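Fold and geometry: a report
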Amino acid sequence: MTRITVGNHYPTGSILHRTDPRVKLAGTVLYVTALLFVNNFLGFILAAVFIAALIKISKVPPRLIFRGLRMIFFMLVFAASINIFFTSGQNVLLHFGIIRITTEGLTLAAHMIARLVLIVTGTSMLTLTSTPIQLTDGIESGLRPLKVIKVPVHDIAMIMTIAMRSIPNLSEEMDKIMKAQKARGAELDTGSLTKRALSLVPILVPLFVSAFKWANELATAMEARCYRGDINRTRMKEMKMNAKDWAAAAIMLASVIAIAGTRWVI
């Protein structure tokens, strides 16, 4: 669980960290959308080059980003297996009962794995280069037009940010609980599947207790600081787009158009 990178912030002072959070949020949404359009390896290669460039610019250690991919390993295996063994096609490589391996199935599995890996790394870059406050302000600013129809934009932005930030907190707490249980002789990694599932009970109970305690302490801290949502709220740092932010937005827009455009080029 400590391998989760989504929700963590890694400050390096790079130009990507200093970029306006609204640009990074919009770029992430467009990037994920572009990946949904990609249906060939050229598009995935361009997306991989784009992410590699962002990692280089951000100065975030690559091992920190790719460490989070271990958490979706079983998801990748499951998705690849479904596509490999149960996708129909013209070029059959192996046929045994209901299992049929085709060239189309292998291609679809490779596309699925590439898409998931690139989406996870892209969203990890957003949180690794942005503080929770920046994300909250960016989301609130992006959803501001919804205030016209009385949508609680600030509350939604705050909830999303707190939920995202709670992921590393809960993962760290779960790691502590597992180590404490193992120190008391608990066998969490051995035995049958049923035994392993039952061994999670002494972990989940204190984890839920810790989560509720953390939520209560957070609510108390916010009340102690007279938090009242966006009522008469002021900010120490107002978000303003400068020339570098507009340049970054243009580069991101051109990149996602190039990635999505490969669908119609090939």
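Everything quoted here is computed from the prediction, not taken from an experiment.

From N to C terminus, the protein includes 11 helices and 2 strands. Of the regular secondary structure in the protein, the N- to C-terminal order runs α-α-α-α-α-β-β-α-α-α-α-α-α. Going through the 266 residues of the protein one by one, you find that 34% of them count as buried. Of the contacts made within the protein by residues no fewer than 6 positions apart, 72% connect residues no fewer than 24 positions apart. A total of about 16,400 Å² of accessible surface is found on the protein, and carbon and sulfur atoms cover 69% of it.

So, about the side chain of glutamate 140. Among the secondary structure elements, glutamate 140 is positioned in helix α7 (residues 132-142). Dropping the residues within four chain positions of it, glutamate 140 is found in contact with Lys147, Val153, His154, Ala157, Asp230, Arg233 and Arg235.

Moving on, we come to the nonpolar core. Among soluble globular proteins, nonpolar side chains are generally buried collectively. Counting residues in hydrophobic clusters, the biggest one holds 24 residues, and the most contacted among them are Tyr31, Leu35, Phe50 and Ile259. Only α2 (21-37), α3 (41-58), α4 (62-66), α6 (103-128) and α11 (243-265) provide two or more residues apiece to this core.

Here we take up the confidence of the model for the protein. Mean pLDDT over the protein: 82, with 92% of residues reaching 70 or higher. Across the protein, α3 holds the top mean pLDDT of 92, while strand β1 (residues 92-96) sits lowest at 69.

Another aspect to go through is a nonpolar patch on the surface. On the surface, a nonpolar cluster with roughly 400 Å² of combined accessible area is contributed by Phe78, Ile82, Phe85 and Phe86. Assignment of secondary structure puts phenylalanine 78 in helix α5 (residues 73-86). Owing to a relative accessible area of 57%, phenylalanine 78 belongs among the exposed residues under this scheme.

How big an interface is tends to be stated in terms of the accessible area lost upon association of its parts. Each domain of the protein was delimited in the assignment, giving domain 1 (15-130 + 241-265) and domain 2 (151-224). Spacing between the C-alpha centres of domain 1 and domain 2 amounts to 29 Å.

On inspection of all chains with the given rule, the structure shows 3 salt bridges. Put simply, arginine 22 and aspartate 20 hold a salt bridge, and the shortest N to O gap is 2.9 Å. Residue lysine 176 pairs with glutamate 172 through a salt bridge whose shortest N-O separation is 3.9 Å. Of this pair, lysine 176 and glutamate 172 both sit in helix α8 (residues 153-183), 4 residues apart, which is roughly one turn of the helix. Of the residues examined, lysine 176 reaches a relative accessible area of 47% and is grouped as partly exposed. Residue classification places glutamate 172 among the partly exposed positions, given a relative accessible area of 44%.

For the rest of this paragraph, the subject is unusual backbone geometry. Of note, the phi angle at lysine 150 is positive, near 65 degrees, even though the residue is not glycine. As for its placement among the helices and strands, lysine 150 is situated in the loop between α7 and α8.

Within this structure, the stated rule accounts for 2 aromatic pairs. Ring geometry for tyrosine 31 and phenylalanine 50: centres 5.9 Å apart, planes at 40 degrees, overall tilted. Of the two residues, tyrosine 31 is situated in helix α2 and phenylalanine 50 in helix α3; the sequence distance between them amounts to 19 residues. Here tyrosine 31 and phenylalanine 50 have matching classes, each one buried. Consider the rings of phenylalanine 37 and tryptophan 264, whose centres lie 6.0 Å apart with planes at 40 degrees: the pair is tilted. Here phenylalanine 37 is found in helix α2, whereas its partner tryptophan 264 is found in helix α11, with 227 residues between them in sequence. Judged by its relative accessible area of 35%, phenylalanine 37 falls in the partly exposed class. Judged by relative accessible area, which is 61%, tryptophan 264 ranks as exposed.

Reading the values: rules and limits
Positions within a chain are numbered from 1, following the residues in the order the chain's sequence is written. Whole-chain, interface and lining totals are the exception, using all residues; otherwise, since this is a predicted model, local features are given only for residues with pLDDT of at least 70 and side-chain atom pairs are given and counted only at 80 or more. In computing side-chain values, all of the structure's heavy atoms are included and hydrogens and water are not. Put simply, DSSP marks the helices as runs of H or I at least four residues long and the strands as runs of E at least two long, and each gets a number from the N terminus on. Exposure is judged per residue with a 1.4 Å probe applied to protein chains only, and the accessible area is read against the type maximum: over 50% gives exposed, under 20% gives buried, and values in between give partly exposed. Note on contacts: a residue pair qualifies if any of its non-hydrogen atoms lie within 4.5 Å across the two residues. Computed by Shrake-Rupley with a 1.4 Å probe, the accessible areas treat only the displayed protein chains as cover when residues are assessed. What we call a nonpolar core is a set of buried Ala, Val, Leu, Ile, Met, Phe, Trp, Tyr and Cys residues that are connected through their side-chain atoms within 4.5 Å. pLDDT measures how confident the predictor is about each residue, on a scale from 0 to 100. Residues with no salt bridge and a relative accessible area higher than 30% make up the patches, which join like charges within 9 Å and nonpolar side chains (Val, Leu, Ile, Met, Phe, Trp, Tyr) within 5 Å. Should a side-chain nitrogen of Lys or Arg be within 4 Å of a carboxyl oxygen of Asp or Glu, the pair is scored as a salt bridge. Where each domain begins and ends follows an automated or database-derived domain assignment. A pair of aromatic rings is counted whenever rings of Phe, Tyr or Trp (Trp by its six-membered ring) have centres within 6.5 Å, and the orientation is called stacked for planes under 30 degrees apart, edge-to-face for over 60 and tilted otherwise.

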